[in-house]
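Survey of secondary and tertiary structure
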Amino acid sequence: MGATIIDGRAIAARLRARVAERVSALPYKPGLAVVLVGEDPASAIYVRNKDRAATQTGISAQTIRLGPNTPEADLLREVARLNADPAVDAILVQLPLPGQIRARTILEAIDPAKDVDGFHPLNVGRLADGLPTVAPCTPRGVMKLLGACGIDPAGKRALVVGRSAIVGKPTGALLLAADATVTIAHSHTRDLPAECQRAEILIAAVGRAGLIRGDWLSPGVAVIDVGINRLPDGRLAGDVDFDGAAKVAGWITPVPGGVGPMTIACLLENTVDLAEQRRGRSRSL
Ligand code: NDP
């Protein structure tokens, strides 16, 4: 029997509708500021999509565009201005940043209470400690996809392939907080097929098209493919060989249409969470 294909677009649309309902019940508009430095075309598309989705949800979104040669000090000043702006609840600095700017320095300058991506060390630490915090958007989306399929990670063997600060590590932390038995694999992992074979939940976040093959998987595994890879013919593909894996898995996300839409929906939800934490549910500015 083939896997159930997880419809990330539909699940994200439902989440966005719930977020819009929460926003409409607030006596103020949550504010999201997105900072884009430089002209990376993929980043420009992401930022446009985030801005549009936020506006459709009733969030007050602003995009600050800075030139590719912006000095680090100027970006720090911009972040400080947004930190101090009472109408801004959530700040996102789009990565990657140009070479003259240290991403770590910028992420540490964002007010942790406005850190919508959850990349500030304070929020990273809270997540690692299992404390309530704003979780990074893509990992939060991964957990919501599992939840929408009725998959409870508690007690299950979960494998996360990839250990980046943006996806792999925080996804591992969320799965651990949900009581899964978590393994994190990376480029030094000795026998990746054997690790995959053991997994009941497999999260792929590598950035290599088709790395994980169907014949590495156990029957019934839930596969969430975070990878987005551009093939030579222009199509997008995940890190998992979809056709092979769909024959074996119990559930699988497509690429595109799986995790991607959830990332933006979770950004909107994080924005509203931060706004409510800062301003309350009923208190206007
Ligand atoms: P990074 O390049 O930061 O991390 C990739 C990870 O994969 C590293 O930990 C690396 O190991 C590991 N890795 C590389 N080769 C192998 C291998 N052969 N076997 C096992 N592990 C390996 O990528 P990101 O985490 O930022 O992104 C991962 C993918 O997810 C990309 O395709 C990206 O485009 C996509 N993405 C999708 C999002 C969405 O919204 N759907 C959002 C963010 C990312 P090591 O640490 O040892 O180098």
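The structure reproduced in this document is the subject of the present report. Everything numeric in this text was worked out from a predicted model, so none of it was measured. (Residues numbered from 1 in each chain as written. Predicted model: local features only at pLDDT ≥ 70, side-chain atom pairs only at ≥ 80, totals over all residues. Heavy atoms only, no water.)

**A short note on the nonpolar core**
- Leu-32, Leu-146, Leu-175, Ile-203 and Ile-224 are the most contacted members of the largest nonpolar core, which has 50 residues in total.
- Here this core gets 10 residues from one element, more than from any other, and that element is helix 10 (residues 259–279).
- Counting residues domain by domain, this core receives three or more from each of domain 1 (26–113) and domain 2 (136–260).
- Leaving out residues up to four positions away in the same chain, Ile-224 has contacts with Ile-6, Val-142, Leu-145, Leu-146, Leu-202, Ile-203, Ala-204, Thr-253 and Val-259.
- The next biggest cluster of nonpolar side chains, apart from the first, holds 20 residues, and it includes Val-161, Ala-204, Ala-246 and Ala-249. (Core = buried A, V, L, I, M, F, W, Y, C linked by side-chain atoms within 4.5 Å. Buried < 20%, exposed > 50% of the residue type's maximum accessible area, 1.4 Å probe, protein only. Helix = DSSP H or I, 4+ residues; strand = E, 2+ residues; numbered from the N terminus. Domains from an automatic or database assignment. Contact = heavy atoms within 4.5 Å.)

**Structural notes on the site of the ligand**
- Around the ligand sit 22 residues in total, of which Arg-163, Ser-164, Ser-187, Ile-228 and Thr-263 are the nearest.
- Separating an oxygen atom of the ligand from a side-chain N or O atom of Arg-163 is a distance of 2.7 Å.
- Within the contact set of the ligand, an oxygen atom lies 3.0 Å away from a backbone nitrogen or oxygen of Ile-228.
- Considered on its own, the ligand offers 930 Å² of accessible surface; in the complex 70% of this is hidden by protein.
- When residues in the shell around the ligand are grouped by element, the largest group, three residues, is from helix 10.
- Tallied by class, the residues present in the shell around the ligand amount to nine nonpolar, 11 polar and two charged. (Near = heavy atom within 4 Å. Polar contact = N/O pair within 3.5 Å; in protein donor to acceptor, adjacent residues only side chain to side chain. Areas by Shrake-Rupley, 256 points an atom, 1.4 Å probe, with all protein chains shown as cover. Nonpolar A, V, L, I, M, F, W, Y, C, P; charged D, E, K, R; others polar.)

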